[in-house]
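# Report on the structure
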Amino acid sequence: MSKVRWGVIGCGGIADRRTIPGMLLADNAELVAVMDASMEAAQRVKEKYNVPYAFDNTDELLAVDGIDAVYIASPVFCHKEQVEAAAKAGKHILLEKPIGLDIAEAEEIIAICEKANIKLGVGFMMRFAAFHEKMKEIIAEGKIGKLVSARAEFTCWYPTMDNCWRQEAKLSGGGAMMDMGIHCIDLIRYITGAEFTQVAGIADNQVFEYNGVEDAGYLIGRLSNGAVAYVGANFNIPDEIAKCALEFYGTAGSLTAVGTLSQIETGTVELVCGDSSAQYDAQQNRTMAEPVKLEVEFGNMYTKEIEGFGKAVLGEGEIPVTAADALAAQKVVESVYKSNSGNTHIKL
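Residues numbered from 1 in each chain as written. Predicted model: local features only at pLDDT ≥ 70, side-chain atom pairs only at ≥ 80, totals over all residues. Heavy atoms only, no water.

Charged atoms that come close allow side chains of opposite charge to pair. Following the criterion strictly, the structure yields 17 salt bridges and no others. When the shortest N-O distance is used, the salt bridge between D68 and R5 registers 2.9 Å. Taken as a pair, D68 in the loop between α3 (58-62) and β4 (69-72) and R5 in strand β1 (residues 4-9) lie far apart in primary sequence, 63 residues in all. On the basis of relative accessibility, which here comes to 13%, the residue D68 falls in the buried class. Under the relative-accessibility criterion, R5 is labelled partly exposed at 32%. Note that K80 and E108 form a salt bridge whose closest N and O atoms lie 2.4 Å from each other. One end of the pair, K80, is in helix α4 (residues 79-88); the other, E108, is in helix α5 (residues 103-115), with 28 residues separating them in the sequence. (Salt bridge = Lys/Arg side-chain N within 4 Å of Asp/Glu carboxyl O. Helix = DSSP H or I, 4+ residues; strand = E, 2+ residues; numbered from the N terminus. Buried < 20%, exposed > 50% of the residue type's maximum accessible area, 1.4 Å probe, protein only.)

What follows concerns the sheet that holds strand β13 (residues 268-273). Strand order across the open sheet formed by nine strands is β14-β13-β12-β11-β7-β10-β9-β8-β15, with mixed pairing between neighbours. Lying at the two open borders of the sheet, with one neighbouring strand each, are β14 (292-293) and β15 (346-347). Here seven bridges tie strand β9 (residues 216-223) to strand β10 (residues 228-234), and the two strands are oriented antiparallel to one another. Across the sheet, the residue bridging to G221 is A229, located in β10. Packed onto the sheet, helix α10 (residues 323-342) meets β8 (196-204), β9 and β15 and runs at close to 60 degrees relative to β8. (Pairing = 2+ DSSP bridges. Contact = heavy atoms within 4.5 Å. Axes fitted to C-alpha atoms, helices over the stretch in contact; angles between N-to-C directions.)

On the basis of which strands lie adjacent, the open sheet formed by six strands has the order β3-β2-β1-β4-β5-β6 and parallel pairing. In the strand order of this sheet, the two ends are held by β3 (53-55) and β6 (120-122), each with one partner. Looking at each pair of strands side by side, their axes are set apart by 25 degrees on average, direction ignored. Bridge analysis of β1 against strand β2 (residues 29-35) gives six bridges, and the strand direction is parallel. The residue of β2 that forms the bridge with R5 is E30.

Quick look at the nonpolar core now. Core analysis: the largest hydrophobic core is formed by 114 residues, its most contacted members being W6, I93, F248 and L255. At 11 residues, the largest contribution of residues to this core is made by helix α8 (residues 176-192). (Core = buried A, V, L, I, M, F, W, Y, C linked by side-chain atoms within 4.5 Å.)

Residues D56, D59, E60, E81 and E84 make up a contiguous surface patch of negative charge. At the level of elements, α3 and α4 are the ones that each hand at least two residues to the negative patch. (Patch = residues over 30% accessible without salt bridge, like charges linked within 9 Å, V, L, I, M, F, W, Y side chains within 5 Å. Areas by Shrake-Rupley, 256 points an atom, 1.4 Å probe, with all protein chains shown as cover. Lys, Arg positive; Asp, Glu negative; His and termini not counted. Charge placed at Lys NZ, Arg CZ, Asp CG, Glu CD.)

Another point: the layout of surface pockets. One number sums up the size of the largest pocket: a volume of about 950 Å³. Along the wall of the largest pocket there are 42 residues; nearest its centre are I14, R17, W165, R166 and D179. Going through the elements one at a time, α1 (13-25), α3, α4, β7 (147-155) and α8 are the ones with two or more residues in the lining of the largest pocket. Top element by residues in the lining of the largest pocket is α4. It accounts for four residues. Within the lining of the largest pocket, the residues separate by chemical class into 22 nonpolar, 11 polar and nine charged. Reported here for the second largest pocket is a volume of approximately 670 Å³. Surrounding the second largest pocket, 22 residues form its lining, G274, D275, R286, T287 and M288 being those nearest its centre. Residue assignment for the lining of the second largest pocket shows that the elements contributing at least two residues are β11 (245-250), β12 (253-258) and β13. Broken down by class, the residue content of the lining of the second largest pocket amounts to eight nonpolar, 10 polar and four charged. (1 Å grid on protein atoms, 1.4 Å probe; cavity = no way out; pocket = protein on both sides within 12 Å on 5 of 7 lines; lining within 4 Å. Points joined across faces, edges and corners; volume = space filled by probe spheres on them. Nonpolar A, V, L, I, M, F, W, Y, C, P; charged D, E, K, R; others polar.)

With that out of the way, let us pick up the packing of aromatic side chains. Under the counting rule described, the total for this entry stands at seven aromatic pairs. Residues W6 and F309 carry aromatic rings whose centres are separated by 6.0 Å and whose planes lie at 50 degrees to one another, so their mutual orientation is tilted. Taken as a pair, W6 in strand β1 and F309 in helix α9 (residues 301-313) lie far apart in primary sequence, 303 residues in all. Judged on exposure class, the residue W6 and its partner F309 are both buried. Members of the aromatic cluster, joined through ring pairs, are W157, Y158, F208, Y210 and F235. Just above the ring of Y190 sits the side chain of K136; from NZ or CZ to the centre is 4.6 Å. (Phe/Tyr/Trp six-rings, centres within 6.5 Å; stacked < 30°, edge-to-face > 60°. Lys NZ or Arg CZ within 6 Å of the ring centre and 35° of its normal.)

On to empty space enclosed by the protein. Applying the stated criterion across every chain, the model contains two cavities of 30 Å³ or more. Roughly 40 Å³ of volume is contained in the largest cavity. Along the walls of the largest cavity sit L94, G121, V122, F128, E305, F309, I319, P320 and V321, which together make up its complete lining. Those elements that provide at least two residues to the lining of the largest cavity are β6 and α9. Of the residues contributing to the lining of the largest cavity, the split by class is seven nonpolar, one polar and one charged.

Moving on: the packing of α1 against α9. Where α1 meets α9, the axes come as close as 7 Å, and the angle between the chain directions of the two elements is 60 degrees. Where α1 crosses over α9, the two elements pack in a sense that is right-handed. Facing I14, R18, T19, G22, M23 and L25 of α1, the residues of α9 in contact are Y302, T303, I306 and E307. Taken together, the residues of the contact of α1 with α9 break down into five nonpolar, three polar and two charged. (Left-handed = near helix turned anticlockwise from the far one by under 90°.)

None of the figures reported here should be taken as evidence of function without further support.
Put into structure tokens, the structure is as follows:
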């Protein structure tokens, strides 16, 4: 088998906008069937991408002969049931984040796949952005010295809407921090190679009133390498004013990215290197070192994500983003909620 034959469960939303187009570009992927709770939506996607089969229920899709793996992009409250059905049918699973409504459910999902000997990957596609991979490489090489701080801020404008599962706690498990901040947490872990060890957080409704979830979440945390991390996640900042910045500062340099936190590969990154042997300047007459704009070749994050997981399914490599990665990020998110409700720091 040279290609993984895919079924997509939850083919509207991000699957239609990004993942399916990326999948169709993957060398080792073939899209066989799509499913959505709305048959109209499933049929539209089927015709749009010339897919052989369309369904409005998971069982019919899983019964199609020849499907090797499924990509699950349904709302979070559907994940456990759909994972259970896919694992029982012997299909490998690429699951969108967060994997469960809470840590307990996420652990159940992981256990289901382990028991069925099913490969479970998670859709943190931003890891595959060329700029983020380059930033990881630069930090690992020690070019910015000992890491001191990391900062990420990911935002969008998300007014209150009817029948919106992300704005209801029992359907999403959380708001801005669970949906967007979790990307930042995962990227900080990935790029620095460090784990969060302590978290304090705020989760609040500053602008919009949702049903039990926040429109803004903020955390400050300690990393296992001694650095301090800050994450801001907002559903209440207009898209046209947001920079979606990602920054890393060390004793010998800094990396500053603007616009790389996105559903497409875009943005800019600057590397600035300084003299860590310099003495203290009491006058504070600062002269900025000349920034170097990094250059990379942009690609399609979703194609790289599908190809990476496909290689694992085909026995040609390891799962790029594991369930353990997803669980670690979700534990940080839940620590923000615990810290907010208890007004305390959470040790991980």
